[in-house]
Amino acid sequence: MDKFQENVDAWIKQINSEFSDLKTGFMIVRENQTNIDHNYELINGLKAEIEELKNEIKALTLLQIAHLKQKV
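Being a predicted model, the structure only gives us computed values, none of them experimental.

Reading the values: rules and limits
Residues numbered from 1 in each chain as written. Predicted model: local features only at pLDDT ≥ 70, side-chain atom pairs only at ≥ 80, totals over all residues. Heavy atoms only, no water. Helix = DSSP H or I, 4+ residues; strand = E, 2+ residues; numbered from the N terminus. Buried < 20%, exposed > 50% of the residue type's maximum accessible area, 1.4 Å probe, protein only. Areas by Shrake-Rupley, 256 points an atom, 1.4 Å probe, with all protein chains shown as cover. Lys, Arg positive; Asp, Glu negative; His and termini not counted. Charge placed at Lys NZ, Arg CZ, Asp CG, Glu CD.

In this section: the overall build of the chain. Each helix and strand in the chain was counted, giving 1 helix and 0 strands. Its C-alpha atoms put the chain at 105 × 10 × 5 Å along the principal axes. Buried positions account for 0% of the 72 residues belonging to the chain. Carbon and sulfur atoms provide 62% of the accessible area of the chain, an area that totals close to 7100 Å². Considering the chain, the positive charge centre built from 9 side chains and the negative charge centre built from 12 side chains are found 13 Å apart.

Here it is, written out as structure tokens:
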């Protein structure tokens, strides 16, 4: 009976240890998901800024062309 109780105690300790490892793994996955979501938002913001800069460059190019045509 003592041997059985020792085995049960060992199993419970092992299960608790594995469950603790699982909880840590879930926390890491959740943190990674949060970081991925944040990075996605940053990337979308940068895409919008790049498009805006492209449009500004096109407008400046047209202004320069118009200015050069006036000189000629």
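Don't stop here, the text continues.
On to the environment of I57, then. Residue position: I57 is located in helix α1 (residues 2-71). C-alpha of I57 to C-alpha of K3: the two residues are 54 residues apart in sequence and 80 Å apart in space.

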